[in-house]
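Commentary on secondary and tertiary structure
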Amino acid sequence: PLSPLSQSNRSDSPTTLRDMRLKGQLRACPVEAAANGEASQGTQVLVVDDVKSNRKLLARCMKQLGFICDEAEDGSKAVAMASTKNYSLILMDNVMPVMNGVAATKEIRRLQLSVKIVGVTGNALQEDLEEFIAAGCDEVLTKPFDIRLFKKICGRFGLEFRPKVA
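First things first, this report covers the structure right here in the doc. Here, residues in each chain are numbered from 1, in the same order as that chain's written sequence. Given that this is a predicted model, residues contribute local features only at a pLDDT of at least 70 and side-chain atom pairs are listed and counted only at 80 or more, while totals for whole chains, interfaces and linings are drawn from all residues. Water and hydrogen atoms were dropped before computing side-chain values, which therefore reflect all heavy atoms in the structure.

1. Section: the overall build of the chain
The test is simple: Counting from the N terminus, the helices are the DSSP runs of H or I reaching at least four residues and the strands are the DSSP runs of E reaching at least two. Summary of the burial criterion: residues with accessible area below 20% of their type's maximum are buried, those above 50% are exposed, and those between are partly exposed, where the area comes from a 1.4 Å probe applied to protein chains only. Here, two residues are considered to be in contact whenever any of their heavy atoms come within 4.5 Å of each other. Accessible areas in this description were obtained via Shrake-Rupley with a 1.4 Å probe; residue shielding takes into account the shown protein chains only.
When helices and strands are counted, the chain shows seven helices and seven strands. Counting over 166 residues, the chain shows a buried share of 46%. When contacts within the chain are restricted to residue pairs at least 6 apart in sequence, long-range pairs at least 24 apart make up 66% of them. For the chain, the accessible area works out to roughly 8,200 Å², and carbon and sulfur atoms hold 51% of it.

If you want it as structure tokens, here you go:
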């Protein structure tokens, strides 16, 4: 079963990237305001999404949190990159060409890499989320990306944030 962190009431406040985009607040990444801090320096994150604008937006947000961020546009490239670099976290889309996120997650787990994988998908059906978890994702977030849930997940994974120095 999915963790309660995967399920939220998204109607209470504009904390998703989609809400921020609709309100024209993308000059500063919404993660910066929501997190009130930055990630420990040196934390390696891989953002995997075939849609360039999604990938760039997530990567920008991760960088503003202090993560060192790489990008891949499909699951096959993600597997290759994960096998050669020590990532702490992978944000994995599901529907992608060449190799989808479920197949890529299974392959990364088969390689026995110790990396946390968070599925980030537009498919919100319970069976789709369960398929991602069964493949080996540690958590799944649905799009639009909920910053508050992401911060909770990072805390659960031991990826700590520290206050920014002004």
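Next comes the rest of the write-up.
2. Looking at the pairing of strand S6 (residues 139-142)
To keep it simple, the criterion reads: When the strands point away from the viewer and the path from the first strand over the helix to the second turns clockwise, the crossover is right-handed.
Residue alternation in S6 divides its side chains into two sets, Glu139 and Leu141 and Val140 and Thr142, and both sets are buried. Note that the unit made of strand S5 (residues 116-121), helix H6 (residues 126-135) and S6 has a crossover that is right-handed.

3. Observations concerning the nonpolar core
Where we set the bar: In this text, buried Ala, Val, Leu, Ile, Met, Phe, Trp, Tyr and Cys residues form a nonpolar core when linked through side-chain atoms within 4.5 Å.
Among the nonpolar cores identified, the biggest contains 22 residues, and Met62, Phe67, Leu89, Leu91, Val118, Phe145 and Phe150 are the most heavily contacted of them. If you look at the next biggest cluster of nonpolar residues, it comprises 20 residues, including Ala72, Ile90, Met96 and Val140.

4. Notes on unusual backbone geometry
Backbone phi values are negative for most residues with the exception of glycine, while trans is the configuration of most peptide bonds. The step from lysine 143 to proline 144 runs through a cis peptide bond, and the omega angle for that step is 5 degrees. Turning to its location among the elements, proline 144 is positioned in the loop between S6 and helix H7 (147-156). Here valine 98, not a glycine, exhibits a phi torsion of approximately 70 degrees, which is positive. When you line up the elements, valine 98 lands in the loop between strand S4 (89-92) and helix H5 (101-110).

5. Some points on the packing of aromatic side chains
Which entries qualify depends on this criterion: Centres within 6.5 Å make a pair out of two Phe, Tyr or Trp rings, where for Trp the six-membered ring is used; the pair is then stacked when the planes are under 30 degrees apart, edge-to-face when over 60, and tilted otherwise.
Counted according to the given criterion, the structure contains one aromatic pair. Here the aromatic rings of phenylalanine 145 and phenylalanine 150 are separated by 5.2 Å at their centres, their planes lie at 45 degrees, and the arrangement is tilted. When its relative accessible area of 2% is taken as the criterion, phenylalanine 150 is described as buried.

6. Some words on the pattern of salt bridges
Selection rule: When a carboxyl oxygen of Asp or Glu is within 4 Å of a side-chain nitrogen of Lys or Arg, the pair counts as a salt bridge.
As enumerated under the stated definition, the model contains 10 salt bridges in all. A salt bridge links arginine 55 to glutamate 71; the nearest nitrogen and oxygen atoms lie 3.3 Å apart. Of this pair, arginine 55 sits in helix H3 (residues 52-64) while glutamate 71 sits in strand S3 (residues 68-72); the two residues are 16 residues apart in sequence, bridging distant segments of the chain. Judged by relative accessible area, which is 8%, arginine 55 ranks as buried. Between lysine 143 and aspartate 93 there is a salt bridge, with the nearest N and O atoms lying 3.3 Å from each other. Placement of the pair is lysine 143 in the loop between S6 and H7 and aspartate 93 in the loop between S4 and H5, with a sequence separation of 50 residues.

7. Topic: the pairing of S5
To keep things clear, this is the line we draw: Any two strands with at least two DSSP bridges between them are considered paired.
Across the six residues that make up S5, a large majority, five, are buried. Bridge count for S4 against S5 is four bridges, and the pairing is parallel. Within S5, the residue paired with isoleucine 90 across the bridge is isoleucine 117. Bridging between S5 and S6 involves four bridges; their strand directions are parallel.

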